[in-house]
Amino acid sequence: MLGDKKVLFSGMQATGNLTLGNYLGALKNWVSLSDEYECFYSVVDLHSITVRQDPAELRRRARALYILYVAAGLDPEKNCIYYQSHVSAHSELAWILNCFTYNGELSRMTQFKDKSAKHADNVNAGLFTYPVLMAADILLYQTDLVPVGKDQMQHLELTRDIAQRFNGIYGDVFTIPEGYIAKTGAKIMSLQDPSKKMSKSDENPNASIYLMDDADTIIRKFKRAVTDSEACVRYNENQPGISNLMEIYSTCTGKSFAEIEKEFDGKGYGDFKMAVGESVVDVLRPIHERIADLEKNKDYIDSMIKANAEKANYVATKTLRKVQKKVGFPERIR
Ligand code: ATP
Ligand code: LTN
């Protein structure tokens, strides 16, 4: 708890171009939860360097992501939106938690296995201990709720294990966080291969809708989306392509699967794909407009970055000092 509200923490990496999956699976839910909770939303740039980055590009993307959070509807005056690298407590707590995490646990993480296969020339220690830094992010703010996509649940389980282990030794230091997965949009699949999740690192640009794609590109990608052979708009396991499009349409319009099936009863895939494309364009248009406005307002964004970094530092340092004391580091002389 912070004040009279429960605490929510989440973050996204500033790598690659964000996709519709990131928006529907994560950002959109953050916005819907932001009134109810005391929220911390981080641009997790420390996590980004587990994969080689061009420095200028990383800085540009991190700012673009910060602006996207705001444009998507997170008010930076009500939510603490900050860069992870501006709060050194993240790295400091991660070091301590590294000493409470087993190699065996980290070896089981599927993201580590996937990423080390993908970046075989750079399987660095940071990639391995990535989930410990994520645990530090969450635990520093005494977080109650962590909204994430399905793929991050394994990291959240590990966070809970680390927190429980630490609390078991030193008493109640950390709040044990709960994960939160939205009912729709939790796993948006690739438009070209519906057995894979839509990912910003997919090599085929037609597989993903990027949040900055223009209307024509979005419609074109949906027209080309892989569909199935039944030729009717029905949600079922044998039709992963159509089911994925229904998931997207449902999340963008708020319509249930039954309503969608009725709407497209007797109609072909072509009409349906067009409607899905238009629903996505409608969702993204206001975000594009707000981004254009915010980009003109450099001083406002800069002032939010500064004020929120101070707030995050204040809250995080409080937890860090408690932890340092518990593990036996000498007190600071003031
Ligand atoms: P990459 O594919 O390059 O590893 P990513 O697209 O998975 O990256 P992340 O930064 O790892 O992006 O994820 C940010 C958030 O978006 C996470 O909460 C994640 O669960 C969510 N997310 C990512 N892809 C999808 C998707 N296809 N469907 C739903 N949620 C997603
Ligand atoms: N690992 C997450 C990003 C992330 C995060 C977090 C999410 C880093 N720290 C803390 C929630 C809470 C990812 O790759 N999506």
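Right, let's walk through the structure included here. (Residues numbered from 1 in each chain as written. Chains lettered and ligands numbered in written order. Predicted model: local features only at pLDDT ≥ 70, side-chain atom pairs only at ≥ 80, totals over all residues. Heavy atoms only, no water.)

Points about the site of ligand 2
Here is step 1: Looking at ligand 2, there are 13 residues lining it, with Phe9, Tyr130, Met134, Asp137 and Gln152 nearest.
Here is step 2: At a separation of 2.7 Å, a nitrogen atom of ligand 2 approaches a polar side-chain atom of Asp137.
Here is step 3: Compared with its free state, where it exposes 370 Å², ligand 2 has 91% of that area covered by protein.
Here is step 4: Of all elements in the fold, only strand E1 (7-12) and helix H7 (125-140) reach the threshold of two or more residues within the shell around ligand 2.
Here is step 5: Here the shell around ligand 2 takes four residues from H7, the largest share from any one element. (Near = heavy atom within 4 Å. Polar contact = N/O pair within 3.5 Å; in protein donor to acceptor, adjacent residues only side chain to side chain. Areas by Shrake-Rupley, 256 points an atom, 1.4 Å probe, with all protein chains shown as cover. Helix = DSSP H or I, 4+ residues; strand = E, 2+ residues; numbered from the N terminus.)

Thoughts on the nonpolar core
Here is step 1: One finds Leu27, Tyr66, Tyr69, Phe222, Ile248, Phe272 and Val280 to be the most contacted residues of the largest nonpolar core, which totals 61 residues.
Here is step 2: Sort the elements by how many residues they give to this core and helix H12 (residues 269-296) lands first, with 11 residues.
Here is step 3: Those residues in contact with Ile248 that sit more than four places away from it in its chain are Leu20, Leu24, Ile188, Leu191, Phe222, Val276 and Val280.
Here is step 4: In this structure, Tyr82, Ile96, Val132 and Ala135 belong to the second largest nonpolar core, which totals 40 residues. (Core = buried A, V, L, I, M, F, W, Y, C linked by side-chain atoms within 4.5 Å. Buried < 20%, exposed > 50% of the residue type's maximum accessible area, 1.4 Å probe, protein only. Contact = heavy atoms within 4.5 Å.)

Some details on the state of the cysteines
Here is step 1: Scanning the entire structure with this criterion turns up zero disulfides.
Here is step 2: Here Cys80 stays free of any disulfide, with the sulfur of Cys39 as its closest cysteine sulfur at 10 Å. (Disulfide = S-S within 2.5 Å.)

Some details on the pattern of salt bridges
Here is step 1: Summed over all chains, the structure comprises 15 salt bridges.
Here is step 2: When the shortest N-O distance is used, the salt bridge between Asp75 and Lys78 registers 3.9 Å.
Here is step 3: With a relative accessible area of 29%, Asp75 lands in the partly exposed category.
Here is step 4: Linking Lys298 and Asp302 is a salt bridge whose minimum nitrogen-to-oxygen distance equals 2.7 Å. Taken as a pair, Lys298 and Asp302 lie in helix H13 (residues 298-327) at a separation of four residues, close to a single helical turn.
Here is step 5: Because the salt bridges share partners, they merge into one network encompassing Glu57, Arg60 and Arg61. (Salt bridge = Lys/Arg side-chain N within 4 Å of Asp/Glu carboxyl O.)

Observations concerning the site of ligand 1
Here is step 1: Close to ligand 1 lie 20 residues, the nearest being Asp151, Ile188, Lys197, Ser199 and Ser201.
Here is step 2: Contact between ligand 1 and Asn22: an oxygen atom at 3.1 Å from a side-chain N or O atom of the residue.
Here is step 3: Note that a nitrogen atom of ligand 1 is positioned 2.9 Å from one of the backbone N or O atoms of Met198.
Here is step 4: Contact with the protein chains hides 93% of the accessible area of ligand 1, taken as 600 Å² for the molecule alone.
Here is step 5: Here the shell around ligand 1 is composed, by residue class, of six nonpolar, nine polar and five charged. (Nonpolar A, V, L, I, M, F, W, Y, C, P; charged D, E, K, R; others polar.)

Looking at the packing of helix H9 (residues 215-223) against H12
Here is step 1: The interhelical angle for the contact between H9 and H12, taken along N-to-C directions, is 150°, at an axis separation of 9 Å. As judged from the angle between their axes, H9 and H12 are roughly antiparallel. In this structure, H9 meets H12 at a crossing whose hand is right-handed. Where H9 abuts H12, its residues Ala215, Ile218, Ile219, Phe222 and Lys223 lie against Lys273, Met274, Val276, Gly277, Glu278, Val280, Val281 and Leu284.
Here is step 2: Grouping the amino acids of the contact of H9 with H12 by side-chain chemistry returns nine nonpolar, one polar and three charged. (Axes fitted to C-alpha atoms, helices over the stretch in contact; angles between N-to-C directions. Parallel < 35°, antiparallel > 145°, perpendicular 65-115°, else oblique. Left-handed = near helix turned anticlockwise from the far one by under 90°.)

As for the environment of Gly241
Here is step 1: Residue placement: Gly241 occurs in helix H10 (residues 240-253).
Here is step 2: Placed 13 residues apart in sequence, Gly241 and Asp228 show a C-alpha to C-alpha distance of 6.0 Å.
Here is step 3: The residues touching Gly241, leaving out its near neighbours within four places in the chain, are Pro194, Val226 and Asp228.

Points about a positive patch on the surface
Here is step 1: A surface patch of like charges, here positive, comprises Lys318, Lys322, Lys325 and Lys326.
Here is step 2: Among the structural elements, Lys326 can be located in helix H13. (Patch = residues over 30% accessible without salt bridge, like charges linked within 9 Å, V, L, I, M, F, W, Y side chains within 5 Å. Lys, Arg positive; Asp, Glu negative; His and termini not counted. Charge placed at Lys NZ, Arg CZ, Asp CG, Glu CD.)

Overview of the packing of aromatic side chains
Working definition: an aromatic ring pair is given by the centre-to-centre distance plus the angle between the planes.
Here is step 1: All told, the structure shown has 15 aromatic pairs when counted by the stated rule.
Here is step 2: Seen in terms of ring centroids, Trp30 and Tyr41 are 4.8 Å apart; in terms of plane orientation they differ by 15°. Their pairing is stacked. One end of the pair, Trp30, is in helix H1 (residues 20-33); the other, Tyr41, is in strand E2 (residues 38-43), and 11 residues separate them in sequence. Just as Trp30 is buried, Tyr41 falls in that class too. (Phe/Tyr/Trp six-rings, centres within 6.5 Å; stacked < 30°, edge-to-face > 60°.)

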